[in-house]
Amino acid sequence: MKRPKLKKASKRVTCAKRFKIQKKVREHKRKLRKEAKKKGISKRVKKDIGVPNSAPFKEEVLREAEQRKRELEELKEQNRIAKRNEKAQKRKQEKEAAKAATEPKAKKQKKDKKTKQKQSTADTDRSSKRFRCRELNKVLEASDVVVEVLDARDPLGCRCPELEEAVLKYEGKKKLMFLLNKTDLVPKDNLKKWLLYLQQECPTIVFKASTQVQDRTMEEKKRRMANGGVDHSRAGEALGNTCLLELLGEYASTRDTENMLKVAVVGFPSTGKSSLINSLKGVRACHAGVQRGLTKSMQEVHISKTVKMIDSPGIIAAPSNPAVSMALRSLQVEQNEQSPLEAVGNLLKQCNQQQIMLQYNVPDYRNSLEFLTYFAKKRGFLQKGGVHDTELAATTFLNDWTGAKLSYHSKPPESHPLPPYLSDAMVTEMQEGLDMDKLKSGNEQTINRVKCPNPASSIGFLSKGPTAGMLNEGDIPEERAVEAVMEEAEDMEEGDELEESAEMDAMADEEEEEPKLKKKTGVTAKEAHNSKVSKQVTFNVDISTRQNDDDAYDFNTDFV
């Protein structure tokens, strides 16, 4: 009943009615509990007891559960990024459509100027693929002799048919030579077989680069010690350098011109190009280290009065190569284009599992993730909370395979047909002007002096054949895609900032309107919102089983 001089009716009720309501609510809840008990439904969330310690294969079960959880999180993250990209694209299109009609000419000119500046910076970016490809072509044009450095562990996989064909197109003006580096990491019999195989095409030199070379300045020494750039685990003197220098010196003296002999050192990343020049010079003239892709531009180094070496960036591997070749010969992991976990998985498929277990002293594993977990546990690679750092283990594993540390070998093919771009006349032409007898005796001396590992301790590796490379800038389509991704990221950041500012403006407007609303209605904006939400909540209760409908209590009525 509404009393006079009062805005609202009183909510007070008699004690009998209040107690009756409470009693009905208790009975209703008791009834619901009984029905749920009969059906076996329980509101209590059962506690996950986990995997008991006595359960067999506990670590494998936990590892599989962790992997499933990680996959679900990655899937959610991918979906979230895809939705965000779609929203950003829509916002960008709407923004461009709105600006197209209203944008003045001055702004358009500024925008065109910015795009030209971006293109010029992309062309001069030392880490871009186009820049490295341009520098490699400069090295090939400026050289008289091209030395292709091959990793003795997989010489066939380090060969680039496109590069060899480009050198042979000069029709005798440039000589092509092979150099087998890292010969102390393969068995001696395997090294001799590869030497016989490669000598049938081009003159081949056996070489072992030295990692103990002097720094030119104290500043370089401090920088190298801080970065840990060079691996000294197998350091020693260089082998085969005297043979190579004598061979190049004699060839330079037989030439008609008085100009210095320019020797280009080319090859895929981490084959030892810079280490070769440092070993010949005796000083750390070129930047070399465990990390791949350190050399990004051409660099000329004077070795003697008649010979000049030209260091070059690594050949860019084509995306059409097999996954194993891309893991060993490309810079996809360093450029965040491929996960190191995926690269390790591709490598393990090409190796004998028993040899990997013996080499790294790990138990039997079923997949690459399990191997990396054992490897991280063995090396002590742990993250926060004692979780094994598989990503660091994968990076270390890749560094072992690409650096001068791990011993593995591949067998040369049984049949040896010449490549289509090479003929018998070209083979004899490449040997002209070179003392092949001196080269043969020098290789024998190097093989006898080098300390090769035992074949039982070397891992067998299945080579996938020559690796295709890209020498033309037009063959590199990835650069534009990267620029587009960067522009999308910038647009997304702008859109997020706009959304945040809109939310802040809306909150400020609500705060300003709140006192006005309270003056008018006596209720704040927050209370009004809560009341709207509470009105939308409905209770579906089946009371058809009750006998007396008049005595039934309406639970949709909210009593306070």
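Worth saying up front: this structure is predicted, and the values here are computed from it rather than measured.

*Asks:* Lay out the overall build of the protein in plain terms, naming residues and giving numbers.
*Replies:* From N to C terminus, the protein includes 18 helices and 10 strands. Here the protein holds 560 residues, and 36% of them are scored as buried. Expressed as a percentage of contacts within the protein between residues at least 6 apart in sequence, the contacts between residues at least 24 apart total 74%. Total accessible area computed for the protein in this model is approximately 35800 Å², and 51% of it derives from carbon and sulfur atoms.

*Asks:* Help me get a handle on the nonpolar core, residues and values and all.
*Replies:* Counting 36 residues, the largest nonpolar core has Val-146, Leu-163, Leu-176, Leu-191 and Val-266 as the members making the most contacts within it. Elements supplying a minimum of two residues to this core: helix H4 (129-142), strand E1 (145-151), helix H5 (161-168), strand E2 (175-181), helix H6 (188-199), strand E4 (261-266) and helix H15 (424-431). Here this core gets five residues from one element, more than from any other, and that element is H6. If sequence neighbours within four positions are ignored, Val-146 has contacts with Leu-140, Val-167, Lys-175, Leu-176, Met-177, Ala-264 and Val-266. In terms of nonpolar packing, the next biggest core, distinct from the first, is built from 29 residues, Ala-327, Leu-328, Leu-347 and Ile-459 among them.

*Asks:* Explain the sheet that holds strand E3 (residues 204-206) to me, and be specific about the residues and the numbers.
*Replies:* For sheets, the rule is that strands pair by backbone hydrogen bonds, running either parallel or antiparallel. Reading across from one edge, E3-E2-E1-E4-E6-E5 is the order of the six strands in this open sheet, with mixed pairing throughout. Each of the sheet's edge strands pairs with one partner strand only, and the pair in question is E3 and strand E5 (299-302). Neighbour-to-neighbour, the strand axes of the sheet open up by a mean angle of 25 degrees, direction not taken into account. Where H4 meets the sheet, it contacts E1, E4 and strand E6 (307-311), and its direction lies at approximately 145 degrees from that of E4. Contacting E1, E2, E4, E5 and E6, helix H9 (residues 273-281) crosses the sheet at an angle of about 155 degrees to E6.

*Asks:* Give a description of the packing of aromatic side chains that names residues and reports values.
*Replies:* Applying the stated rule across the entire model yields 12 aromatic pairs. Ring geometry for Phe-375 versus Phe-381: centroids 6.4 Å apart, planes at 85 degrees, classification edge-to-face. Neither residue differs from the other here; Phe-375 and Phe-381 are each classed as buried. Three or more aromatic residues link up through ring pairs in this structure, and these residues are Tyr-360, Tyr-365, Phe-371, Phe-375, Phe-381, Phe-397, Trp-401, Tyr-408 and Phe-461. The lysine or arginine in question, Arg-18, covers the ring of Phe-19, its NZ or CZ lying 5.5 Å from the ring centre.

*Asks:* An account of the side chain of Ser-330 is needed here, citing residue identities and associated values.
*Replies:* In this fold, Ser-330 is placed in the loop between helix H10 (323-329) and helix H11 (340-348). A polar contact is formed between the side chain of Ser-330 and the backbone oxygen of Met-326, at a distance of 2.3 Å. Every residue in contact with Ser-330, bar those within four places of it in the chain, is listed here: Arg-292, Ala-317 and Ser-325.

*Asks:* Outline helix H12 (residues 353-360), listing residues and values.
*Replies:* Every buried residue of H12 is accounted for by Ile-356, Met-357 and Tyr-360. Each buried residue of H12 sits inside an arc of 100 degrees when the element is viewed along its axis, so together they form one side. Taken together, the buried residues of H12 touch H11, helix H13 (368-379), helix H14 (390-402) and strand E9 (459-460). Looking at where H12 begins, the residue whose side-chain oxygen comes 3.3 Å from the main-chain nitrogen of Gln-354 is Asn-352.

*Asks:* Go over helix H16 (residues 436-449), please, and point to the residues and values.
*Replies:* With 14 residues, H16 should cover 20 Å at 1.5 Å per step; its first-to-last C-alpha distance of 20 Å lies within 8% of that length. Where H16 is buried, its residues contact H6, E3 and helix H8 (241-254). The backbone nitrogen of Asp-437 has a side-chain oxygen 3.4 Å away, supplied by the residue at the start of H16, namely Asp-435.

*Asks:* Outline the pairing of E4, supporting the account with residue identities and numerical values.
*Replies:* Most of E4 sits inside the fold, with five of its six residues counted as buried. Where E4 and E6 come together, five bridges link them in parallel fashion. Pairing of Val-263 across the sheet is with Met-309, part of E6.

*Asks:* Any details on the confidence of the model for the protein? Residues and values, ideally.
*Replies:* Predicted confidence across the protein gives a mean pLDDT of 79, with 74% of residues reaching 70 or more. Scored below 50 in pLDDT, residues 230-235 shows 21 contacts in the model against residues more than four places distant or in partner chains. Scored below 50 in pLDDT, residues 517-521 shows six contacts in the model against residues more than four places distant or in partner chains.

*Asks:* Outline a positive patch on the surface, listing residues and values.
*Replies:* There is a patch of like positive charges on the surface, built from Lys-23, Arg-26, Lys-29, Arg-30, Arg-33, Lys-34, Lys-38 and Lys-43. In this fold, Lys-29 is placed in helix H1 (residues 15-39).

*Asks:* I'd love a proper account of the environment of Asp-424, names of residues and values included.
*Replies:* The topology assignment puts Asp-424 in helix H15. Taking the C-alpha atoms as reference points, Asp-424 and Gln-200, separated by 224 residues in sequence, lie 9.4 Å from one another.

*Asks:* Describe the pattern of salt bridges, and please don't skip the residues or the numbers.
*Replies:* The tally for this structure, following the rule as stated, stands at 18 salt bridges. The salt bridge partner of Arg-63 is Glu-370, with a shortest N-O separation of 3.7 Å. Note that Arg-63 is positioned in helix H2 (residues 58-102) and Glu-370 in helix H13, a separation of 307 residues in sequence. On the basis of relative accessibility, which here comes to 12%, the residue Arg-63 falls in the buried class. Among the residues examined, Glu-370 registers a relative accessible area of 3% and is labelled buried. The shortest N-O distance in the salt bridge between Arg-379 and Asp-400 comes to 3.9 Å. Remark: Asp-400 occurs in helix H14 and Arg-379 occurs in helix H13; sequence separation between them is 21 residues.

*Asks:* How would you explain the side chain of Ser-312 if you had to name every residue and give the values?
*Replies:* Along the chain, the position of Ser-312 falls in the loop between E6 and strand E7 (316-317). A polar contact is formed between the side chain of Ser-312 and the backbone oxygen of Val-265, at a distance of 2.7 Å. What Ser-312 contacts, discounting residues up to four positions off in sequence, is Leu-136, Val-139, Val-265, Val-266, Lys-273 and Thr-295.

The rules behind the values
Residues numbered from 1 in each chain as written. Predicted model: local features only at pLDDT ≥ 70, side-chain atom pairs only at ≥ 80, totals over all residues. Heavy atoms only, no water. Helix = DSSP H or I, 4+ residues; strand = E, 2+ residues; numbered from the N terminus. Buried < 20%, exposed > 50% of the residue type's maximum accessible area, 1.4 Å probe, protein only. Contact = heavy atoms within 4.5 Å. Areas by Shrake-Rupley, 256 points an atom, 1.4 Å probe, with all protein chains shown as cover. Core = buried A, V, L, I, M, F, W, Y, C linked by side-chain atoms within 4.5 Å. Pairing = 2+ DSSP bridges. Axes fitted to C-alpha atoms, helices over the stretch in contact; angles between N-to-C directions. Phe/Tyr/Trp six-rings, centres within 6.5 Å; stacked < 30°, edge-to-face > 60°. Lys NZ or Arg CZ within 6 Å of the ring centre and 35° of its normal. Polar contact = N/O pair within 3.5 Å; in protein donor to acceptor, adjacent residues only side chain to side chain. Arc of directions from axis to C-beta. Expected span 1.5 Å × (residues − 1). pLDDT = per-residue confidence, 0-100. Patch = residues over 30% accessible without salt bridge, like charges linked within 9 Å, V, L, I, M, F, W, Y side chains within 5 Å. Salt bridge = Lys/Arg side-chain N within 4 Å of Asp/Glu carboxyl O. Lys, Arg positive; Asp, Glu negative; His and termini not counted. Charge placed at Lys NZ, Arg CZ, Asp CG, Glu CD.

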